Amino acid sequence: MAAFPELAILRTELSGDALAHLERLAVSWRLLSDLSFSDLLLLAPLAHEDGHRFVVLAQVRPTTGQTLYVHDLVGRIVDEVERPALARSWRHAEVFEGDANILGGKERVRLESIPVRYRGREIAVLAREAPTTSGRRPGELERYYLEVYDRLVSMVAHGSFPFAREEVEIEGAPRVGDGVIVLDADGGMRYASPNAVSSLHRIGIHAYTSGVRLSEIGFDEAAVDTAVRGRLPVLEEVERDEASVLVRVIPLLDAWKPAGALVLLRDVTDLRRRDRMLMSKDATIREIHHRVKNNLQTIASLLRLQGRRVDSREARTALAESERRIRSIAIVHETLSREARESVDFGQIIKQLVRLVEESVSTGDGGLRFEVVGDAGELPGELATPLAVVLNELMQNAVDHAFPHGEDDDAVHGNVEVRLQRRPGVVDVDVVDDGVGLAEGYTLASGQGLGMSIVQALVTGELGGELDVSPGDNGRGTRFHVRIPFATAAATKVVEPS
Ligand SMILES: Nc1ncnc2c1ncn2[C@@H]1O[C@H](COP(=O)(O)OP(=O)(O)OP(=O)(O)O)[C@@H](O)[C@H]1O
Ligand SMILES: [Mg+2]
C-alpha cells in the first residue's frame, strides 16, 4: 500500500501546498477523532472523474471510543452510491449528515461529511463515521467534546484548521483523554474534564470553578495569550511543586477571529522524574570515572616517590615503567569522565599518550618526532582502555629500542608515526618507526619482555584482535600492526562492503 502523499499523487489531482495542507490535517486530526469519539476518513476525488468516486487517503481511530473499522481502509475506493453525502459535500462545499451502511458491511452507521477547504477551494472531504446513536443522553464531558469538535470542523470547512505551522506530531504532547479545558472568547473557563482537574491539582491548583479565568486560579495564562493572539497552537511545560504538566493550547477561531481556546493538559511528573534519574545516572558514571582517574594518579605518584628512594637502576626503571602504564589507563578514565556517553574520542587520548611517552625521553632537545595520522573515531570505553595501554607500550618500545643512544652523543634523532584507521567493525593501528629495526631473528613468539607480553595478552586475548610485526617504511625501522574487530551497536549497523 502506497503511503499518503504517493497515493494522492498517483490517484488524485492533489499536489503542492494543497497536499501539504492535507498532510498537516492527517497529523493533527486525532484531536477531532478523539473529541467526536468517531472514526475519521480523509477522502479525495479520483483524478478526472468529476467527483463520482473517492479514494481513502488516511484514516484515524478514536482513542476515546470504539472503532468501526478494525481493518485498514487506506487506498479503498468509495463511490457516490455507497456514500452519497460525500459527493454532495464535495459538489456543494457544505457539511452533510446522514445514515449509510458501514463500508464493506450491512450495519448502519451515522455519517457526517465535511468539505476540506484550502485557500478558498475544496480539496478533499473529511468523513466522520460513528455508530447510530443509542438514544442515551450524552453527559457533560461528551457534550463539551462534541461542541469543540463542531467548532474545529467548521474551521476545517473554513480553511483555518489544520494550522499553517504545525506539521509535526509532538512526542508526548497531551491528547484529549489526558485532560481538556474549554475557554470562552474572554478567557473564562467553561469546562474542565476530570483529568484536567486532577492535573491542576498536581500543580497545586484546587480552586477550579467554571466561569473564572485561568489566571484567577493561579495558572499562568501566557501560553493561552500567545496561542490566541498568534492564532497558532502553543505547547508549554508548567513546573510547580515538583510536578510537571504539559499544556497545549489550541485557539478556536470563528472565521479567523479568535473565539476561545481548547487547553489540553497532561501530567508528566513521573515521566520527568524518570528523565532526571537517567540524567543523574550519567552524572554518576562520569563521577566514578573521575575518581578512578584520581586514584590511578595517586598510585602513579606513589610509585614515582618509591622510585626516588631505590638505589638499584633496574628497580628504578621498573617502577618508572609501571608508573607510565598506570598513567596511560588514567588518561582513558579522565577522558571518559568528561564525556556524557560511554564512548570516547580516541584522537584525544592518543594525543595525551604521545605526551606521556615524550616526557619519558630523557635525551633533551626533542630530536624524536611523534606524529599521529588518521583517526579511530569514537570508541567504547572498554576498548579504549586496553588499546591505550597497547599503544603506550609500542610507542615506548620505539623510544627505548629503535634509536640507541650513542656513547657521547646524547641527542636521539628519529620519527615515530602512529597511524589510525577506522572501518566498519574494525580499527587498525600501526606504530611505525625509522630506527634500527628489530634484532636478527626476532619473532613475536620469542624475545619478549614484559611490554610485548602485555601487548599480546591485550590484543589477542582481551580484544580478540591480531598483532603482527614487519620492517617499517622502505624497509627501515619497525612497524607493529594491531587490528581490532569490534561489534558495538553503532558498528554493526554499518554494512561491511563485500
Ligand atoms: N620499535 C622497536 N625497535 C627495535 N626493537 C624493538 C622495538 N620494539 C621492541 N623491540 C625489541 O623487542 C624486545 C621486547 O620488547 P618488550 O617491550 O617486550 O620488552 P622491553 O621493552 O625490553 O622491556 P619492558 O618490559 O620494559 O617493555 C625489546 O627488548 C627490543 O629488543
Ligand atoms: Mg618495552
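Here the structure is a predicted model, which is why all the values come from computation and not from measurement. (Residues numbered from 1 in each chain as written. Chains lettered and ligands numbered in written order. Predicted model: local features only at pLDDT ≥ 70, side-chain atom pairs only at ≥ 80, totals over all residues.)

*Asks:* Sorry if this is basic, but what is going on with the sheet that holds strand β16 (residues 426–433) here?
*Replies:* Note: strands within a sheet are paired through backbone hydrogen bonds, in either parallel or antiparallel orientation. With mixed pairing, the five strands of this open sheet are ordered in space as β13-β15-β16-β18-β17. Here the strands that pair on one side only, and so sit at the sheet edges, are β13 (368–374) and β17 (466–471). Sheet twist, expressed as the mean angle between neighbouring strand axes with direction ignored, is 15°. In the sheet, strand β15 (residues 414–423) pairs with β16 via eight bridges, with the strands oriented antiparallel. Looking at the pairing, leucine 420 lines up with valine 429 of β16. (Pairing = 2+ DSSP bridges. Helix = DSSP H or I, 4+ residues; strand = E, 2+ residues; numbered from the N terminus. Axes fitted to C-alpha atoms, helices over the stretch in contact; angles between N-to-C directions.)

*Asks:* Got a minute to help me understand the site of ligand 1 in this structure?
*Replies:* In the neighbourhood of ligand 1, 18 residues make up the surrounding shell, with Asn397, Gly449, Leu450, Gly451 and Met452 lying closest. For the shell around ligand 1, the secondary structure elements donating two or more residues are α11 (381–402) and α12 (450–462). The greatest single-element share of the shell around ligand 1, amounting to six residues, is contributed by α11. In terms of residue class, the shell around ligand 1 is made up of six nonpolar, eight polar and four charged. (Near = placed C-beta within 6 Å. Nonpolar A, V, L, I, M, F, W, Y, C, P; charged D, E, K, R; others polar.)

*Asks:* What is the right way to read helix α2 (residues 16–28) from this model?
*Replies:* Owing to its 3.6 residues per turn, the α-helix aligns residues three or four sequence positions apart on the same side. With 13 residues, α2 should reach 18 Å at 1.5 Å per residue; the first-to-last C-alpha distance of 19 Å fits that figure. Taken residue by residue, α2 has Ala18, Leu19, His21, Leu22 and Leu25 as its buried positions. For α2, the buried positions fall inside an angular range of 155° around the axis, keeping them on one side. Away from its buried face by more than 90 degrees, α2 exposes Gly16 and Asp17. On its buried side, α2 packs onto α1 (4–11), β1 (39–45), β2 (53–60), β5 (108–118) and β6 (121–131). (Expected span 1.5 Å × (residues − 1). Buried ≥ 20, exposed ≤ 12 C-beta atoms within 10 Å, placed from the backbone. Arc of directions from axis to C-beta. Contact = placed C-beta atoms within 7 Å.)

*Asks:* Before we go on, may I ask you to explain the packing of helix α10 (residues 346–360) against α11 in this structure?
*Replies:* Two numbers describe a pair of packed helices, the interaxial angle and the distance between the axes. The geometry of α10 relative to α11 is characterised by a closest axis approach of 10 Å and an angle of 35° between their N-to-C directions. Read as a crossing pair, α10 and α11 show a hand that is right-handed. Note on element contacts: α11 touches α10 through Ala384, Ala388, Leu391, Asn392, Met395, Gln396 and Val399, opposite Phe346, Ile349, Ile350, Leu353, Leu356, Val357 and Ser360. Split by residue class, the contact of α10 with α11 holds eleven nonpolar, three polar and no charged. (Left-handed = near helix turned anticlockwise from the far one by under 90°.)

*Asks:* Looking at this structure, I do not really get the environment of valine 27. What am I missing?
*Replies:* Considering the arrangement of structural elements, one finds valine 27 in helix α2. Sequence spacing of valine 27 and arginine 313 is 286 residues, and the spatial spacing of their C-alpha atoms is 76 Å.

*Asks:* Can you walk me through the environment of glutamate 23 in this structure?
*Replies:* Along the chain, the position of glutamate 23 falls in helix α2. Along the primary structure glutamate 23 and leucine 183 are separated by 160 residues, whereas in three dimensions their C-alpha atoms are 28 Å apart.

*Asks:* Would you mind going over the pairing of strand β10 (residues 243–254) with me for this structure?
*Replies:* Regular strands place side chains that alternate from one sheet face to the opposite one. Counting buried residues in β10 gives ten out of twelve residues, a clear majority hidden from the surface. One ladder, built from seven bridges, connects strand β9 (residues 234–240) with β10; its direction is antiparallel. When the bridges of β10 are listed, valine 234 appears paired with valine 249. Hairpin connection from β9 to β10: two residues lie between these consecutive antiparallel strands, with aspartate 241 at a positive phi of about 50°.

Don't take any of this as a statement about function, it's just geometry.
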